[in-house]
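Here's the letter readout for the chains.
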Amino acid sequence: MTSTDTRKDAEDSGPSGYAAARLRLLTEEARSGPPRRSALSRLTDDWLAGLFTAGSGEPRGVSLVAVGGYGRGELSPRSDLDLLLLHDGTDAQAVAALADRLWYPVWDLGLALDHSVRTPAEARRTAGEDLKVQLGLLDARHLAGDPGLTAGLRTAVLADWRNQAPKRLPELQELCAERAERQGELQYLLEPDLKEARGGLRDATALRAVAASWLADAPREGLDDARRRLLDVRDALHLATGRATDRLALQEQDQVAAELGLLDADTLLRQVYEAARVISYAGDVTWREVGRVLRSRSTRPRLRKLARERSDFLRRAVAGDGRALGGGKPVAERSPLAEGVVEQDGEVVLARAARPERDPVLPLRAAAAAAQAGLPLSLHAVRRLAATVRPLPTPWPAEAREQLVTLLGSGQPTVEVWEALEAEGLITRLLPDWERVRCRPQRNAVHIWTVDRHLIETAVRASEFTRRVSRPDLLLVAALLHDIGKGWPGDHSVAGEIIVKDVAARIGFDRTDVAVLSTLVRHHLLLVETATRRDLEDPATVRSVAEAVGSQGTLELLHALTEADALATGPAAWSTWRGSLVTDLVGRVSAVLAGDAPEEPEAAAATAEQERLALEAVATGGPVLSLRAQTEPPAGPVERPAGDPEPLGVELLIAVPDQPGVLPAVAGVLALHRLTVRTAELRALELPSGVEGSVLLLNWRVAAEYGSLPQAARLRADLVRALNGSLDIAGRLAERDAAYPRRRGVVAPPPRVTVASAASRLATVIEVRAQDAPGLLFRIGRALEDAGVRMRSAHVSTLGANAVDAFYVTQAHGVPLPGDEAVAVARKLEETLRG
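Keep in mind the model is a prediction, meaning the values are calculated, not measured.

**Q** Explanation requested: empty space enclosed by the protein in the structure shown.
**A** Over the atoms, a rolling probe the size of a water molecule traces out where space has been left empty. What the rule picks out here adds up to six cavities of 30 Å³ or more. Approximately 70 Å³ is the volume found for the largest cavity. What lines the largest cavity is Tyr-188, Arg-277, Val-415, Trp-418, Glu-419, Glu-422, Trp-434, Asp-452, Arg-453 and Ile-456. At four residues, helix 16 (residues 413-423) tops the list of elements feeding residues into the lining of the largest cavity.

**Q** Whenever I open this one, the packing of helix 13 (residues 362-373) against helix 15 (residues 398-408) confuses me. Can you help?
**A** Relative placement of two packed helices is described by the angle separating their axes and the distance separating the axes. Where helix 13 meets helix 15, the axes come as close as 8 Å, and the angle between the chain directions of the two elements is 30°. Accordingly, the angle class assigned to the pair helix 13 and helix 15 is roughly parallel. When you trace helix 13 past helix 15, the crossing you get is left-handed. For the pair helix 13 and helix 15, contact is made by Leu-364, Arg-365, Ala-367, Ala-368, Ala-371 and Gln-372 and by Glu-399, Ala-400, Gln-403, Leu-404, Thr-406 and Leu-407, respectively.

**Q** Would you explain the side chain of Arg-270 in this entry?
**A** With respect to the secondary-structure elements, Arg-270 resides in helix 12 (residues 265-317). No salt bridge forms around the buried Arg-270; measuring N to O, its nearest opposite-charge neighbour Glu-274 is 4.2 Å away. Setting aside its immediate chain neighbours within four residues, Arg-270 contacts Glu-435, Arg-436, Val-437, Arg-438, Cys-439, Arg-440 and Pro-441.

**Q** Could you clarify how one ought to interpret the sheet that holds strand 3 (residues 113-118) in this entry?
**A** Strand pairing in a sheet relies on backbone hydrogen bonds, with the paired strands running either antiparallel or parallel. As summarised here, the arrangement of the four strands in space is 3-2-1-4, forming an open sheet in which the pairing is mixed. The open sheet terminates on both sides in strands that have one partner only, identified here as strand 3 and strand 4 (141-145). Sheet twist, expressed as the mean angle between neighbouring strand axes with direction ignored, is 25°. Sheet analysis places strand 1 (residues 62-66) next to strand 4, joined by four bridges and oriented antiparallel. By the bridge assignment for strand 4, Ala-66 is matched with Arg-141. Lying over the sheet, helix 4 (residues 92-108) contacts strand 1, strand 2 (81-87) and strand 3, oriented at roughly 175° with respect to strand 3. With respect to the sheet, helix 7 (residues 147-163) is in contact with strand 1, strand 2 and strand 4, its orientation differing from that of strand 2 by roughly 105°.

Definitions and cut-offs
- Residues numbered from 1 in each chain as written.
- Predicted model: local features only at pLDDT ≥ 70, side-chain atom pairs only at ≥ 80, totals over all residues.
- Heavy atoms only, no water.
- 1 Å grid on protein atoms, 1.4 Å probe; cavity = no way out; pocket = protein on both sides within 12 Å on 5 of 7 lines; lining within 4 Å.
- Points joined across faces, edges and corners; volume = space filled by probe spheres on them.
- Helix = DSSP H or I, 4+ residues; strand = E, 2+ residues; numbered from the N terminus.
- Axes fitted to C-alpha atoms, helices over the stretch in contact; angles between N-to-C directions.
- Parallel < 35°, antiparallel > 145°, perpendicular 65-115°, else oblique.
- Left-handed = near helix turned anticlockwise from the far one by under 90°.
- Contact = heavy atoms within 4.5 Å.
- Buried < 20%, exposed > 50% of the residue type's maximum accessible area, 1.4 Å probe, protein only.
- Lys, Arg positive; Asp, Glu negative; His and termini not counted.
- Salt bridge = Lys/Arg side-chain N within 4 Å of Asp/Glu carboxyl O.
- Pairing = 2+ DSSP bridges.

The structure is reproduced here in structure tokens:
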């Protein structure tokens, strides 16, 4: 259907004709993107123009004006119609009747309408009071009526905007910053708002407004394409959902990707992130230029005054010599930072004598100097480097490697400098393997960054630990590359080890250093996974880590890398508790590497408190317990992250006469009281001679999910009821779960239960990976109890919405399960959790 046919349908059939033509247009597969938005705008223009002139002919002294996105001709399927009915104020009654004739058909079709009725003076006054109104009017476009009225308003609004730019641009910048703080950064969000988040469509519109002020202009290269890409995604989102929404929710991403002809949701997100990165970078550069121009304007009158005063002084001091130093434009001061690199007007630029075409190290030298000085790299400098610099030789010269390490070790300023290099393609020239992780989403609630940004953030965090290691250069490079394998199929640690061997050799590290770097990348998850999922008292655990690490120097680097990686992942990935476990493991592994072989653990003697609780449990025939807060910080160099809300935890000691069902009963009661279990250990306690009976001792570390801890007496009372069967834990947990409204979201992958072979000689280790939920440990404990196995200890770890737990189990007489029986128990447990 041609645009002429579309207009004819709309004109012939009124609202119903417009609705039919609109529907045909939106369902045409052959037309999408900018052509469809333009066609929809033209169709709507013609329909509204027909409504404007219907009945009494075209009224005088009135015009219909499209503003905002509609004014730009960018109607998405569910966009608002932003309309201004402009009039000269001579016939208010006729204007009111015309407004009714325009607005009601729009509402009748269920279209969203943002409308106003104003005179030009009222429109200008409102724009002066409301920045959002003024931004909308900058895109005003005539639809029908008196074109002179519309043209006069456009001219006046643009003149007002340019005259008021020194005042209004800082307001606009503040508005953008507030929105970014509220909505986050589009290029890192798993469910981004395409319009409101930083780097979204609102920011692209703000850059158009800056350009209209004539004070500064955004870097144009790639900006229009990025904006078009986001508009295309929004169109597909509107069509997929049938709603006027800008939030790209997880459950709709596959459908949106299919609408756009993309491979999958990850491809969609990557395109969105790339577009957002272009807009965000353009915004950074533009607002820096606005600030520079405004500072220059504010200082110029003072400079002229000072120049006149100095000129007068010189004329008085030197008779007959009238040469003044104050004429002409002041020259910006240039301060040297490194060879070929200077600071000018708050930015890092290339020196006049710099020759990028002869100096392949210059990009890294300029970047390192900028990061060390805490200054941005000038756009002109980065583009000149991208256009002229020669590739580095292989292997890199020592200076290039040193400059890379300096850049990575500069802390937070590294991020902005790295993004400037990234924007012009310099990073992928230096590190071609970077292309696979660039803008790659991480569909894990624990991660708050894309893969590439996470790698840079890890280097920033690692820069804080460089005084803790003997080879800070290896720590920083390992931080940069530890997840480089995420762009390849399979285990990213295994793929990363292969990639890093090649990259490290290309950068110029010798064989010994390459081996260390590949070990760090291969095992960058080893310490935290072992510390949180394995029994550190088991010699097999410590020996396996020592064999993987190999040396004290590598262990030192791996410890720092582990903490930097976790801190750069997100708040859920690191805590004082995890830090203390990792430090404990590192201390044990260090002892093994120093030649101290770990001994087989013996049953620890009962403490006075444990013995007291055990005797009381025998005397009463029921459970007794104590809650004790951990007040001593963990030993070793574990620093509490700033703002870490997690307390050190509370030790829960329970003594109970040996009987079936102890583990699920305790886990269930703790779940009912909203207590999170961090570690759990269960063992039979030796009683003093002369005391009959058998007592189980549970030594658990717990923390309250919300508020304060429950009273010990309440816990004990519920535990007594759970053990005698009068407390229906499963029913209570089901009732609580049903009380919460179900929310739409991603369907969690099914639970997975495996047997970790050779993890321990003392017990069978069963690993459970599942969606975290209240009562999960209760269900696991009940299933293990039903299987007739005895739990020696549990190591519980929650990462975002995922529980990753390990259970050390034995047969009733305390030996590991035979292989077939272990597999059968794991399979039965998995079936239970899936059911």
